[in-house]
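A closer look at the structure
Single-letter residue listing:
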Amino acid sequence: MKPAPFDYAAPTSLDEAVELLAANEGESKVLAGGQSLMPLLNMRLARPGLLVDLARIPGLDYVREENGAVVIGAMARQRALERFAPAATLAPLLAASLEHVAHPQNRNQGTVCGSLAHADPAAELPAVALTLDATFRVVGPNGSREVAAKDFFVTYLTTVLESSEILAEVRFPAQAPRTGWAFDEVARRHGDFAMCGVSTTVTLDASGACRDARVVLFGVGATPIAPRAPSRR
Amino acid sequence: MIAKRSISLTVNGVRYEATVEPRLTLVDLLRNELGLTGTHVGCEHGVCGACTVLISGKAVRSCILLAVQADGADITTVEGLSPSGQLHPIQQAFQEQHGLQCGFCTPGFLLSVKELLADHPDPTDEQIKETLGGNICRCTGYQSIFAAVKCAARKLADPAAGALATGVAQVG
């Protein structure tokens, strides 16, 4: 079980990475942590001609707070987010979901943005992104654009990312005050792919009435599924 | 024809240079090019943990990491845990607590545990389980590995502690 031959490039800027992807349109694949892509290569389920590794681009591995949001760069490891203490206060749902993302040994290498761009229907982070209205910053040959989580996931392993675009950053807004949340999944073993899972929030207004309720299911469809908001009876 | 790449990396304190195909995985570099066969190849898709090594002290799967990605990295394999001929306290603990049977998975476990105990010298049961969950063992049933981690934590906290502090009988 070894990958088919491919060429490899390690650009040192996002612009250069986009140029490489565009010059090898349809043949190239972005490599971040590789925790999803490398198994596919080893099993020869994917046979790209060129891997464009983002790891040598300086300054992409940040996790920081910006105006109350948790902002995560393309090369930030899942483990770095796990260790970013403010996340537990700003977006506790996001923080709590991470322990379900494979195993610590994968999270040391795997990136948050890589998992989102890979868009496995059984993955946790896409569901959390949808629940929390995350925003994706995408860079490509025509510059930068922002995509809302509800518009990002298209179908199995497919997002709105064009083959010469890169997910440069994801922004998880802080959970509103008076928001309760829960995250759970069913897997054969803790850390395995979930057979199904749920990510949910309920936000109350100052009077205690429900202002917003969200349920996002994953592992049960081609993308995370957000059933229509429960209506008031 | 795809050009090979020249890389250099440090493994167990020794600097190596190699010229590799981009598709060569780190574990195949370690085993087949550098002769460090202590790191084992199991599932080859990042699930079983047999190939776990440390990069800058962090446990990662070397079967789903390319050698070119490890260019410039500082790697520890099982061969680097202790000077030759001696067992690291974690290895001693695995031996005393019967934390292995066939031994195929053991190098991966040892390195996962090394990271755990570096981060959490006195780990909770949950922290131990979270770490061990990343490595598969088909012999032991994990209980003795769990006991070995607790034993290793005690040994590392107090190097002078007796080798058999946890009541495993020594025969002979």
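Residues numbered from 1 in each chain as written. Chains lettered and ligands numbered in written order. Predicted model: local features only at pLDDT ≥ 70, side-chain atom pairs only at ≥ 80, totals over all residues. Heavy atoms only, no water.

A few points about the domain arrangement of chain A
Residue and element names in this part refer to chain A. When its domains are assigned, chain A resolves into domain 1 (7-172) and domain 2 (179-218). Each of domain 1 and domain 2 was reduced to a C-alpha centroid, and the two centroids are 22 Å apart. Counting residues at the interface gives 19 residues for domain 1, matched by 16 residues for domain 2. Of the roughly 1500 Å² buried where domain 1 meets domain 2, counting both sides, 63% is carbon and sulfur surface. Linking Arg214 and Asp133 is a salt bridge whose minimum nitrogen-to-oxygen distance equals 3.1 Å. Put simply, the parts of the chain that give the side of domain 1 that touches domain 2 at least two residues each are helix H5 (92-97) and helix H8 (124-131). Take the side of domain 1 that touches domain 2: its biggest share by element is five residues, from H8. Of the residues that constitute the side of domain 1 that touches domain 2, the class distribution is eleven nonpolar, four polar and four charged. (Domains from an automatic or database assignment. Contact = heavy atoms within 4.5 Å. Buried area = accessible area lost by both parts, 1.4 Å probe. Salt bridge = Lys/Arg side-chain N within 4 Å of Asp/Glu carboxyl O. Helix = DSSP H or I, 4+ residues; strand = E, 2+ residues; numbered from the N terminus. Nonpolar A, V, L, I, M, F, W, Y, C, P; charged D, E, K, R; others polar.)

Considering the nonpolar core
Counting residues in hydrophobic clusters, the biggest one holds 37 residues, and the most contacted among them are Val70, Phe136 and Phe172 of chain A. Of all the elements, H8 of chain A adds the most residues to this core, at five residues. Split by domain, the residues of this core number at least three in each of domain 1 (7-172) and domain 2 (179-218) of chain A. Within the second largest apolar cluster, 33 residues are counted, among which are Val11, Cys51, Ile64 and Ala67 of chain B. (Core = buried A, V, L, I, M, F, W, Y, C linked by side-chain atoms within 4.5 Å. Buried < 20%, exposed > 50% of the residue type's maximum accessible area, 1.4 Å probe, protein only.)

Looking at unusual backbone geometry
Phi is positive for Asn67 of chain A, which is not a glycine, with a value near 50°. With respect to the helices and strands, Asn67 of chain A occurs in the loop between strand S4 (63-66) and strand S5 (69-73). Asn67 of chain A sits in the exposed class, given a relative accessible area of 82%. Positioned with a positive phi, His98 of chain B is a non-glycine residue whose angle comes to about 55°. Within the secondary structure, His98 of chain B is located in the loop between helix H2 (89-96) and helix H3 (106-119). Exposure remark for His98 of chain B: the relative accessible area of 52% places this residue in the exposed category.

Digging into the environment of Val154 of chain A
All names here are of chain A. Position of Val154 relative to the elements: it lies in strand S8 (residues 153-155). For Val154 and Ser164, which are ten residues apart along the polypeptide, the C-alpha to C-alpha distance reads 17 Å. Contact partners of Val154, with chain neighbours within four places excluded, come to Thr159, Val160 and Thr223.

A look at the domain arrangement of chain B
Residue and element names in this part refer to chain B. Domains assigned within chain B are domain 1 (5-80) and domain 2 (89-157). Summarising the inter-unit geometry, the C-alpha centres of domain 1 and domain 2 are found 21 Å apart. In this assembly, domain 1 packs against domain 2 so that about 1100 Å² is buried in total across both faces, 62% of it on carbon and sulfur atoms. The interface formed by domain 1 and domain 2 holds zero salt bridges in total. Across the domain 1-domain 2 interface, the total number found is five residue pairs in polar contact (both at pLDDT 80 or more). Breaking the side of domain 1 that touches domain 2 down by element, the ones donating at least two residues are strand S3 (52-55) and strand S4 (58-61). (Polar contact = N/O pair within 3.5 Å; in protein donor to acceptor, adjacent residues only side chain to side chain.)

Regarding the interface of chain B and chain A
Taken together, the contact between chain B and chain A spans 32 residues of the former and 33 residues of the latter. Where chain B abuts chain A, roughly 2700 Å² becomes buried across the two surfaces, and 48% of that area is made up of carbon and sulfur atoms. Among the residues of chain B in contact with chain A, Arg23, Ile64 and Glu130 of chain B are the three that bury the most area, contributing 24% of the side total. Across the contact surface, chain B and chain A share 21 residue pairs in polar contact (both at pLDDT 80 or more). Those elements that place two or more of their residues in the side of chain B that touches chain A are S4, H3 and helix H4 (125-132) of chain B. The biggest single contributor to the side of chain B that touches chain A is S4 of chain B, with four residues.

Comments concerning the pairing of strand S11 (residues 179-187) of chain A
All names here are of chain A. Across nine bridges, S11 lies against strand S12 (residues 194-204) in antiparallel orientation. For Asp184, the partnering residue across the bridge sits in S12 and is Val198. The antiparallel pairing of S11 with S12 creates a hairpin that spans six residues between the two strands, and Gly191 there sits at a positive phi of about 95°. (Pairing = 2+ DSSP bridges.)

Quick notes on the sheet that holds strand S7 (residues 143-148) of chain A
Residues and elements named next belong to chain A. Reading across from one edge, S4-S5-S10-S6-S7 is the order of the five strands in this open sheet, with antiparallel pairing throughout. Edge strands, defined here as strands with exactly one partner in the open sheet, are S4 and S7. Put simply, the sheet's adjacent strands are angled 25° from each other on average, direction ignored. Of the pairings in the sheet, the one linking strand S6 (residues 135-140) to strand S10 (residues 166-172) comprises five bridges and is antiparallel in character. Within the sheet, the bridge partner assigned to Val139 lies in S10 and is Ile166. In this fold helix H1 (residues 14-23) packs onto S6 and S10, with an angle of close to 130° to the strand it touches most, S10. (Axes fitted to C-alpha atoms, helices over the stretch in contact; angles between N-to-C directions.)

Quick word on the side chain of Thr111 of chain A
Residues and elements named next belong to chain A. On the secondary structure map, Thr111 appears in the loop between helix H6 (104-107) and helix H7 (112-118). Judged by relative accessible area, Thr111 falls into the buried class, the value being 3%. Separated by 2.9 Å, the side chain of Thr111 and the backbone nitrogen of Gly114 make a polar contact. The residues contacting Thr111, other than those within four sequence positions of it, are Ala32, Gly33, Ala74, Met75, Ala76, Arg77 and Gln78.

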